[in-house]
Protein chains: 2
Amino acid sequence: MEHTLLKINKARLLDTLKVSSSIGTSENGGLNRLALSESDKKMRDTYIEWLKEAGLEVRVDDFGNIYGRRKGKRDEAPSVAFGSHLDTQPCGGKYDGILGVLTGLEVIRVLNENDIETEYPLEIVNFTNEEGARFAPPMLGSGGITGDFTKDFIYNTQDDEGISYEEALKSTGYMGYSQNRLSNVKNFVELHIEQGPILHRENKTIGVVQGIQGIDWMTVKVVGKTNHAGPTPMEDRLDALVAASKMVVKVNEITNEITGLKTTVGKMDVKPNVTNVIPGEVEFTIDIRHEDNDLRSHAIERLKEQLSAIALMSKVELTITTDWQSETTWFADDVKQAIREAADKYGYSSMDLFSGPGHDAKYMAGIANTGMIFVPSVDGISHNEQELTLDEDIEKGANVLLYVIQKLAGAK
Amino acid sequence: MEHTLLKINKARLLDTLKVSSSIGTSENGGLNRLALSESDKKMRDTYIEWLKEAGLEVRVDDFGNIYGRRKGKRDEAPSVAFGSHLDTQPCGGKYDGILGVLTGLEVIRVLNENDIETEYPLEIVNFTNEEGARFAPPMLGSGGITGDFTKDFIYNTQDDEGISYEEALKSTGYMGYSQNRLSNVKNFVELHIEQGPILHRENKTIGVVQGIQGIDWMTVKVVGKTNHAGPTPMEDRLDALVAASKMVVKVNEITNEITGLKTTVGKMDVKPNVTNVIPGEVEFTIDIRHEDNDLRSHAIERLKEQLSAIALMSKVELTITTDWQSETTWFADDVKQAIREAADKYGYSSMDLFSGPGHDAKYMAGIANTGMIFVPSVDGISHNEQELTLDEDIEKGANVLLYVIQKLAGAK
């Protein structure tokens, strides 16, 4: 590799981030910048100014995704794309996907001021509605261009007030053209906060993301018999909550059997939910994650057996429904290697890890060699106004991105 | 005892019950006769006609309790009172407290037609708002005359529409006088359906109620840490629901250590209750019952220790609050003995048991030698339109009540 070991301009990057932090600021110092809201529109407008100032060719596609293109020496060759999303949760933080977009812009600025050309064209992307906080499910902008969702499906999703994605695109002026969609992509690189405690706890700066863990969501329904707490002898009871509680403990314990398995019962509803009435029905969810699809399937089968055994012993009826499944996404070797190499060159500590949450990179992996750079989240806090990534870690992450983009795009 | 072995008139009693079942009939063939509602007023008006037809001196007190008095030979002596309540749950059954009032009326009719005098005067009582379904808490009419609740407290209770007990008394015309309250009582006897499965399951007809089980209600709050299901490693979690589930299992298991102990977790609320978020807070209730106050206290202490141990192991915060306590009520020997004797004389099977739910007899036990006769509930179902007590069991219960009243009141 022939390019020099450039560094980003930390002060400029933090200034740019500061502007973002001032658009849609929430009461407690975080951000409330829902996709295609007034504040998101203001952020987009500002962002497009920056893209233009950086000499990029700006375009918007029919999902509202914004691209800034920098010509390559071989401009017909597939591009190297990078970016993330500028939208946030309603009580979100200032870093999340935002860092991925703004460090990308800083990379462009550094390449510009150093007159660095690349073999392959560059595309910096801001995807619409990554959070899924306004329009569910998440990652509609990226999933739209990769074909993971149909245009009809995306356009018809509605927010809580019944406004559709399509209407929101039109009313904000971000309804672009389908011919503007990103295509012919060689690589996609996304820098993102970890949203977990591992880098911070392990005292590492750069996460070389191996992929995004596969997830299964299930709903478990336990039916016993509603009865009065006073007269009903213990031995006559068919208590759905006692049975469900044993199941929750088992769902937790199974993670001791399989290394790396994560299970969560996040939601539980009890009926009729009255102090002196034995619960007749309990419904709870299971979120189960493991990067090894076979191990995850095996864990689910094992869990079903164990929950059935509890139901049998407790004489309650059990129904387990699969609500959603997502296979593990594996990231590309060339990107992972470039990230590791960058960390080494700059002398930053790094480690391999998996992403628990989904990201735009998940869908992009279907159309390009894709990878992610994680930077530390203090205490693993995210989707929260307390979210924090330290300035020096932002700087280091941006330097790694700068190196990776140069490497993948063939900088001279 | 010198009185003859009289029997009640089954056909007449069932006819009377049929009239009651036609006042406030609910869609699915039960009753919706909330205290001091239009249908309760209609029932009361009809009932007062019956009392007058039976030659009783009728009066209403300042809680709306209705009394019918039959003179005793020693009319200044303390009375023998019996009865229960005519109000129901919103989707209640046709038997519940109603049987206690209507079998009492049948007792009066039989004494009348057999010209039987008693040494002590008789008082048949219909208590207001036993169910507590319109005005909470339950048993306000009986608790008012025994001093368990103040008049102010009772008058100011409100239904869901903001109508006070006092207003409801006035608007139905059932605001009577404080000097009409029941006082100078020797015994109180209440016939009631069991509301539990024991008599039915044991194939016994008459329950000789030993008392009403003491109850403690507690709220348990478990605080862990809300976090995302994706990135948070299992070993870093402070999952309030996993800890709470272990506690629910323990609350159930402790009943194996102490015979006769009943525990119920009826209500559980999880926060934030989202599929992919580790619950940060869980609140659940414990309903704990045992007739032995010391054993119940011991069980509660033991439970607190065990829940604290789980909290410590799970690194979650635990707060246990006592919401309500009610000591066990023990019924009087003379009444229990008379009930057992009656069952023997008529050749009915009987057994001793405890009441789980509260009854007007609970408060009456504070001012008179009190007891209860239970008749079987098919499958233990109550507070439900499916509630059923068989005609022959109603007849047998009424005969026992007839005998007990004669015995306690000194019939000639």
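Note that the coordinates shown come from a computational prediction; the quantities given were computed from them, not determined experimentally.

Notes on the domain arrangement of chain A
Residues and elements named next belong to chain A.
Item 1. For chain A, the domain assignment lists domain 1 (10–213 + 328–409) and domain 2 (214–326).
Item 2. One C-alpha centre belongs to domain 1, the other to domain 2; they are set 37 Å apart.
Item 3. For the domain 1 and domain 2 pair, buried surface summed over both sides reaches about 650 Å², with 37% attributable to carbon and sulfur atoms.
Item 4. On the domain 1 side of the contact with domain 2, Gln 213, Thr 328 and Gly 356 bury the most area, a combined 73% of that side's loss.
Item 5. Across the contact surface, domain 1 and domain 2 share zero salt bridges.
Item 6. If you look at where domain 1 meets domain 2, you find eight residue pairs in polar contact (both at pLDDT 80 or more).
Item 7. Of the residues that constitute the side of domain 1 that touches domain 2, the class distribution is four nonpolar, three polar and one charged.

Description of the pairing of strand β1 (residues 57–60) of chain B
Residues and elements named next belong to chain B.
Item 1. Where β1 lies against strand β2 (residues 66–70), four bridges are found, and the strand directions are antiparallel. From the neighbouring strand, Glu 57 faces β2, where its bridge partner is Arg 69.
Item 2. Counting the residues in the hairpin turn of β1 and β2 gives five residues, including Gly 64, whose phi is positive at 85°.

Regarding the UniProt feature "domain: Peptidase M20 dimerisation" (unreviewed entry) in chain A
Item 1. With numbering aligned to this structure, UniProt lists the feature "domain: Peptidase M20 dimerisation" (unreviewed entry) at residues 211–310 of chain A.
Item 2. Within the segment residues 211–310 of chain A, helix and strand shares are 32% and 33% respectively, and the terminal C-alpha atoms sit 35 Å apart.

Considering unusual backbone geometry
Item 1. In this structure, Pro 272 of chain A follows Lys 271 of chain A across a cis peptide bond, with omega equal to 0°.
Item 2. Counting through the fold element by element, Pro 272 of chain A comes out in the loop between β10 (268–271) and β11 (277–278).
Item 3. Positive phi, normally seen in glycine, also occurs at Asp 115 of chain B, with a value near 50°.
Item 4. Its place among the elements puts Asp 115 of chain B in the loop between α3 (98–113) and β4 (122–126).
Item 5. Classification of Asp 115 of chain B by relative accessible area gives exposed; the value is 67%.
Item 6. Phi is positive for Met 139 of chain B, close to 60°, though the residue is something other than glycine.

The rules behind each value
- Residues numbered from 1 in each chain as written.
- Chains lettered and ligands numbered in written order.
- Predicted model: local features only at pLDDT ≥ 70, side-chain atom pairs only at ≥ 80, totals over all residues.
- Heavy atoms only, no water.
- Domains from an automatic or database assignment.
- Buried area = accessible area lost by both parts, 1.4 Å probe.
- Salt bridge = Lys/Arg side-chain N within 4 Å of Asp/Glu carboxyl O.
- Polar contact = N/O pair within 3.5 Å; in protein donor to acceptor, adjacent residues only side chain to side chain.
- Nonpolar A, V, L, I, M, F, W, Y, C, P; charged D, E, K, R; others polar.
- Pairing = 2+ DSSP bridges.
- Helix = DSSP H or I, 4+ residues; strand = E, 2+ residues; numbered from the N terminus.
- UniProt positions renumbered as here; feature names shortened; annotations may be inferred.
- Buried < 20%, exposed > 50% of the residue type's maximum accessible area, 1.4 Å probe, protein only.

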